[in-house]
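Each chain is listed here by its residues.
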Amino acid sequence: MSVLGLLLLLAGCGNDGESPGVVDSGFARNQRIIYSDGLHNENTEMIRLGDRILLIFRGGETGQTGSAKAHINVFESQDDGRTFALISTVNANNLPGGRDIRDPKLVEMNGKLFLYAISRVPGAHYRDLFGQAWTIRAESTDGGRTWSATVKTFEDITPSGRELYWGFWRFTKRQYLADGQQRETLYATGYNDGDTAVAFFASDDGVQWRKLSTIINSYDDVPSEAELQFFGDNSQTAVSLVRLDNQEIISDGQSAICTSSAPFTTWECGRRIEQRLDGPTWIIRRVDGVARSFVVARKHLPCTFKRTAIYELRGDFADPAAAVEVCEIQELKSSGDTAYTSLAAINADQYLLSWYSSRVDREIPWLEGQFEASDIWLADVDLARAPSTCTHPAPKTLCAAAPLPAGTTVFDVSGSHLLTLAPVIWPKETISFLAEARVRGTTIDLTLQPLDAVKKTAVGPPWDATGVAIAADGSFSANFGARSLAAAAYPILDDPFLTVHDFTLIGKTVSANSFCGNVSGYAQTIGDKVSDRVHLIGSTFGATRISGDTLPAVLSACP
C-alpha cells in the first residue's frame, strides 16, 4: 500500500473537492476517500458480519483492461466504517490463461463466507465479447482473514460441447416455505459474453449451481448487470432491474423491470425506465412504516460524463402492469469512471455507502477515466432523511456543440493542412488527417486522408466532400457520408470494423491558415445496430496549414 493510502485509511477521510453538479441533500453525508494508491480501484462490495464490516474492491491495475495483476483487496472495520484495515487479498493467479478478477460479491451461508467474482482472459473486450467470463469462488471460514484458492463455480456446456460463458452479477437469498419446511436458496443473476442475455441461477449450498431460466435475451438491448429482490408473503415473486445499453453503447439507456413467479422458469420484462442504472445496489427498507426502494448506481450525463447517484423507485414491483416512478435523491462526489456501489447497515436507519470514482476535481469522459487512477469513496446514509417528495431526473439531452468563432470573412484556406479531430468519448486521444482544401468562390472541396496515429503516414482510402457551400462568414457543413477508419488511425479502440456514418464537419475559416469547428454523425463499431453506435456530437476539430516538411502544432478545436 502507498503512504497516501495508509494515511487515508488512518484518517478515515479524504479529498473534499466537489464534482460538478453535486447537490448535497443530507441523505448521504460525510463523503470521503477511504483508499487511494494511484492505481485504478473499482467494483466495491460490503457485508456486515456481527460487529465487523468488510469492504472489498478490485485493485492492482492502472485501468479497466483486465490482467493477472488484478486482485481483490479485503478491508475490515471494527468501528462502523470510520476506519478500515487491510486483512487479506484474493486473486485469480492459480487459474489458467493469466485471468483477471473483478466485480466481487460477498455472501455468508452455511457458516462460510463466499467471495464470488467474474474472471476474464486478459485484454479489453467490447460488449464483453471473447472475454470467456467465468464466475469464480473463494471461501473463508475465519471471516475473510484467509481464503481458499479461487475456483470456477459454474459451467454451462451445450449438447454440442460449446461452453456458454456467464458472469454472475447479483447474489440474493430467498427464505420461503416449501412442503411445510422453511427453506433458504441462494439465487443469482448473470450475463453472458456479448451482453445479449441475462439468466437466472440457483444454489442450495453456494457451491453447486443450476441455471433456471433466461430473464431477457436481446442483442439490441445489450442487457448486463441485473439487481434482484423477492416480494410477496412467501417471497414468491422475483423482480430484477436489468441494465440496458440500448440507446447507443456509451450513452444513457434504459433499465428493464423483469418479474417472475416461483418456480421462476419464465420472465416478463415489459416495463422500462428511462435511466440506465449501471452497477446498481438496490435495498428495500421501511422508513416511517412505509417500504421504500433505494437504488445507488451510475448516472449518465451528456458528452459521456458520469456520476454516482442515489435514486428512489416508487411503485408495485411485483405487478408487471404497475407503473414505476423514478426519483433522484442525490448526486455523489464523482466523475469520469465511477459507481459500482454497496451498502452496509450500521443500524435500522444508518448505512455505510461505498463507490469508486476518478478524481472529482475535474470533468473527464468515462472512457478516459477507465485508463486513469480512481479512488474508493464512503459516505454515511441516513434513511430517515429520505425526501417525501419526488424529484424526477432531468430529461435526456445530447451533448451541446461548441459555438463557432465570430467573424464575417471567407478566408482562402486552399492547400494542405493537418486536421485533428478530438472525439467526444476521449478528446485527448485525437485522430489525425491530412486535409487538402480548395476554395472555389462560394464552395470548398475537402479531402481527408486518415493518418496512422503514431507514424503519421496515410492509412486507408481518403474521404472526399466536393462542392460544399461556404457562406459569406466563412462557415460550411461538409458531409462525407459513410467511411471506414483504419484501426491504426485510432489504436485506443483497435477496431478493424470501425466506420463513421453521416460524418459531417461543421466548420468555419478563421484565417488564411486554419479552419475549425464541430463534428456530427456517429461511429459504428460492428454491424448496423443502434446499440453498437457512438454519437460524434460534441466532438471538435481544428486544421492548421502545413508549411515545409514538419507538421504544425496540433489544433483540435476552435481557439
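Keep in mind that this is a model prediction, so the values were computed, not measured. (Residues numbered from 1 in each chain as written. Predicted model: local features only at pLDDT ≥ 70, side-chain atom pairs only at ≥ 80, totals over all residues. Heavy atoms only, no water.)

## A few points about the overall build of the protein
- Scanning the protein for helices and strands turns up two helices and 36 strands.
- Relative to its length of 559 residues, the protein is compact, with a C-alpha radius of gyration of 26 Å against a globular reference of 24 Å.
- Its C-alpha atoms give the protein principal-axis dimensions of roughly 90 × 55 × 50 Å.
- Looking at the protein residue by residue over its 559 residues, the buried ones come to 57%.
- Long-range pairs, those at least 24 residues apart, make up 56% of the contacts in the protein between residues at least 6 apart in sequence.
- Of the roughly 21,900 Å² of accessible surface on the protein, a fraction of 53% belongs to carbon and sulfur atoms. (Helix = DSSP H or I, 4+ residues; strand = E, 2+ residues; numbered from the N terminus. Rg over C-alpha atoms; globule rule 2.2 N^0.38 Å. Buried < 20%, exposed > 50% of the residue type's maximum accessible area, 1.4 Å probe, protein only. Contact = heavy atoms within 4.5 Å. Areas by Shrake-Rupley, 256 points an atom, 1.4 Å probe, with all protein chains shown as cover.)

## Section: the packing of aromatic side chains
- Summed over the entire model, instances satisfying the criterion amount to 32 aromatic pairs.
- Taking the centre distance of 6.0 Å and the plane angle of 55° together, the rings of F168 and F171 count as tilted.
- Given the relative accessible area of 1%, F168 is considered buried.
- Positioned above the aromatic ring of W134 is the side chain of R99, whose terminal nitrogen or guanidinium carbon lies 3.7 Å from the ring centre.
- The positively charged end of R174 is found above the aromatic ring belonging to Y176, 3.9 Å away from the centroid. (Phe/Tyr/Trp six-rings, centres within 6.5 Å; stacked < 30°, edge-to-face > 60°. Lys NZ or Arg CZ within 6 Å of the ring centre and 35° of its normal.)

## A look at the state of the cysteines
- In total, this model carries four disulfides according to the counting rule given.
- Sulfur-sulfur distance for the disulfide between C258 and C269 comes to 2.1 Å. Torsion about the S-S bond of the C258 and C269 cystine: about 120°, corresponding to right-handed handedness. In this pair, C258 sits in strand β18 (residues 254-261) while C269 sits in strand β19 (residues 268-273), placing the two residues 11 residues apart along the sequence. (Disulfide = S-S within 2.5 Å.)

## Things to note about the nonpolar core
- Counting residues in hydrophobic clusters, the biggest one holds 42 residues, and the most contacted among them are L419, L448, F476, F480, F503 and F515.
- Discounting chain neighbours no more than four positions away, the residues touching F503 are L421, L448, W463, A478, N479, F480, G481, V519, S520 and L536.
- Grouped together as the second largest cluster of nonpolar side chains are 37 residues, F75, I216, C269 and Y356 included. (Core = buried A, V, L, I, M, F, W, Y, C linked by side-chain atoms within 4.5 Å.)

## Let's talk about the confidence of the model for the protein
- On average, the protein scores 93 in pLDDT, and the residues at 70 or more come to 96%.
- Contacts from residues 1-24, a stretch scored under 50 in pLDDT, to residues over four places away or in other chains number 53 contacts. (pLDDT = per-residue confidence, 0-100.)

## Observations regarding the environment of P462
- Relative to the assigned elements, P462 resides in the loop between β29 (443-450) and β30 (463-469).
- As for P462 and Q449, which are separated by 13 residues in sequence, their C-alpha atoms are 4.4 Å apart.
- Beyond its immediate stretch of four places on either side in the chain, P462 contacts T447, L448, Q449, P450 and R483.

## Regarding the sheet that holds β19
- Reading across from one edge, β16-β17-β18-β19 is the order of the four strands in this open sheet, with antiparallel pairing throughout. Taken across any chain shown, the strands that pair with only one partner, and hence form the sheet edges, are β16 (223-231) and β19. Strand after strand, the sheet turns through a mean of 25° between neighbouring axes, direction not considered.
- Two elements, strand β17 (residues 237-244) and β18, share eight bridges in a ladder whose sense is antiparallel. Bridge pairing links V242 to A256 in β18. (Pairing = 2+ DSSP bridges. Axes fitted to C-alpha atoms, helices over the stretch in contact; angles between N-to-C directions.)

## A word on unusual backbone geometry
- A cis amide bond links A262 with the next residue in sequence, P263, at an omega value of 15°.
- Relative to the helices and strands, P263 resides in the loop between β18 and β19.
- Of note in this structure, D128 is not a glycine but carries a positive phi near 60°.
- Summarising the element assignment, D128 is placed in the loop between β7 (112-119) and β8 (134-140).
- A positive phi angle, near 60°, is found at K456, a position not held by glycine.

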